[in-house]
Structures are given as C-alpha cells and as structure tokens.
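Chain by chain, the residues run as shown.
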Amino acid sequence: MPPSPASPPILLRNLIDNALRHGARHVRVAVARDAGAATVVVVDDGPGIPAEERERVLERFHRLAAAGEGGSGLGLSIVQRIVELHGASLVLAGGDDGHGLRVTLRFPCGPRT
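Reading the values: the criteria
Residues numbered from 1 in each chain as written. Predicted model: local features only at pLDDT ≥ 70, side-chain atom pairs only at ≥ 80, totals over all residues. Heavy atoms only, no water. Helix = DSSP H or I, 4+ residues; strand = E, 2+ residues; numbered from the N terminus. Buried < 20%, exposed > 50% of the residue type's maximum accessible area, 1.4 Å probe, protein only. Contact = heavy atoms within 4.5 Å. Core = buried A, V, L, I, M, F, W, Y, C linked by side-chain atoms within 4.5 Å. Axes fitted to C-alpha atoms, helices over the stretch in contact; angles between N-to-C directions. Parallel < 35°, antiparallel > 145°, perpendicular 65-115°, else oblique. Left-handed = near helix turned anticlockwise from the far one by under 90°. Pairing = 2+ DSSP bridges.

Caption draft 1: Representation of the side chain of Asn 18 within the structure. Tracing the chain through its elements places Asn 18 in helix α1 (residues 7-21). Judged by its relative accessible area of 17%, Asn 18 falls in the buried class. Setting aside residues up to four positions removed in sequence, Asn 18 forms contacts with Gly 75 and Leu 76.

Caption draft 2: Quick peek at the nonpolar core. Counting residues in hydrophobic clusters, the biggest one holds 18 residues, and the most contacted among them are Leu 11, Leu 15, Val 83, Leu 90, Leu 92, Val 103 and Leu 105. If you list the elements that add at least two residues to this core, you get α1, β2 (37-44), α2 (75-85), β3 (89-94) and β4 (101-108). If near-sequence neighbours (up to four positions away) are discounted, Val 103 is found in contact with Leu 15, Val 40, Val 41, Val 42, Leu 90, Val 91 and Leu 92.

Caption draft 3: Fine view of the packing of α1 against α2. Close contact between α1 and α2 brings their axes to 9 Å; oriented N to C, the two are set at 150°. Comparing the axis directions of α1 and α2 gives the class roughly antiparallel. Here α1 and α2 pass one another in a crossing that is left-handed. When α1 is examined against α2, the residues Ser 7, Ile 10, Leu 11, Asn 14, Leu 15 and Asn 18 are found in contact with a partner set consisting of Gly 75, Leu 76, Ile 78, Val 79, Ile 82 and Val 83.

Caption draft 4: Focus on the sheet that holds β4. If you trace the 4 strands from one edge of the open sheet to the other, you get β1-β2-β4-β3, paired in antiparallel fashion. Each of the sheet's edge strands pairs with one partner strand only, and the pair in question is β1 (27-34) and β3. Across the sheet, the mean angle separating the axes of adjacent strands is 15° when strand polarity is ignored. Bridge analysis of β3 against β4 gives 6 bridges, and the strand direction is antiparallel. Residue Gly 94 lies in a different strand from β4, and its bridge partner there is Leu 101.

And the structure:
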C-alpha cells in the first residue's frame, strides 16, 4: 500500500502529542535537508524513555509501566508504520542534556531541482 499524503501530519501530531501528554513542557521540531534525505528531529524535555524500552514502545499497545496517563499505546507504533511506508528511518535517543526524548526521522528524497 502506498503512503498517504496525510501521513506526515499524522506522524508529527503523534510525536508532539505524545511528548506533551507524557510530561514535556517544551517540544522542539527541526527540519533539514541534506545529501538525499529530509531529516525531522523532535526533541522534548519530558521524562524520556529508558534505553531498554525504546524498541518496545514502537510495538502496538506497548506502554511504559510508569506512564500513568491514559492512552492505548498506539501513537509511536503509528509513527513507526508511517516511517516504514515512506522507506524512512527512525531513531529514539535521549534528549538534550540527558533529559527527555530525541526522535530523529530521515526520509529519502530526490535531488533538488
């Protein structure tokens, strides 16, 4: 199935909503283009995700045990699926100064015209 044109807004909405829902006060989004890829970085100052849980939170319905907020555990799995449909990559890492979460997305794109 080809990716939907609505995919990027859904992806960003899920990342920003997750950050705010899970305690971030500030969320920064940066977009850049280099060597055949568009990069989107979303960084927040929330509690972050422990390194050992980062792969698991991309699975459907997986929620962190300490996440007392509501939700179904689908937000990041939807992000992962959109990334796959676009042939992109996703990396979850610690945020700035060891606080929060940094999500880096790289989308392949053609040369500039």
